[in-house]
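# Survey of secondary and tertiary structure
So the chains spell out like this:
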Amino acid sequence: MYTDIEIVMNIAKQLAERIESRALLADCTDFNDAEHVATLHAVSDEINELFDRQEYHLGNIMAKQIKRVAA
């Protein structure tokens, strides 16, 4: 089982890759082509899901730290 920190770091790596690929894709996207635009939206959706997952795990880390301080 991975720790929350390991998960956050893994998600950060995935985010960096997806953001880079989205930037490259946006540079060559024909915005008049619905398929190109759909692909760009799909990559953006993946990025948003990764941000949500990262936020969840960062929340877990913060909650654990608060519990330690409060104890």
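Notes on the structure in this doc start here. (Residues numbered from 1 in each chain as written. Predicted model: local features only at pLDDT ≥ 70, side-chain atom pairs only at ≥ 80, totals over all residues. Heavy atoms only, no water.)

## Looking at the overall build of the protein chain
When its secondary structure is counted, the protein chain shows two helices and zero strands. Relative to a compact globule of 71 residues, whose C-alpha radius of gyration would be 11 Å, the protein chain shows 17 Å and is clearly more extended. Along the longest, intermediate and shortest principal axes, the C-alpha atoms of the protein chain span 60 × 20 × 15 Å. When burial is assessed residue by residue, the protein chain has 20% of its 71 residues classed as buried. Across the protein chain, every contact between residues at least 6 apart in sequence was considered, and the portion connecting residues at least 24 apart equals 64%. Working note: accessible area of the protein chain is about 5,600 Å², and carbon and sulfur atoms make up 58% of it. Of the charged side chains in the protein chain, 7 are positive and 13 negative, and the gap between their average positions amounts to 15 Å. (Helix = DSSP H or I, 4+ residues; strand = E, 2+ residues; numbered from the N terminus. Rg over C-alpha atoms; globule rule 2.2 N^0.38 Å. Buried < 20%, exposed > 50% of the residue type's maximum accessible area, 1.4 Å probe, protein only. Contact = heavy atoms within 4.5 Å. Areas by Shrake-Rupley, 256 points an atom, 1.4 Å probe, with all protein chains shown as cover. Lys, Arg positive; Asp, Glu negative; His and termini not counted. Charge placed at Lys NZ, Arg CZ, Asp CG, Glu CD.)

## Let's talk about helix α1 (residues 4–28)
For α1, spanning 25 residues, the distance from its first C-alpha to its last is 36 Å, which sits close to the expected 36 Å at 1.5 Å a residue. Taken residue by residue, α1 has Asp4, Ile7, Val8, Ile11 and Leu15 as its buried positions. Tucked inside the fold, the buried residues of α1 contact α2 (34–70). (Expected span 1.5 Å × (residues − 1).)

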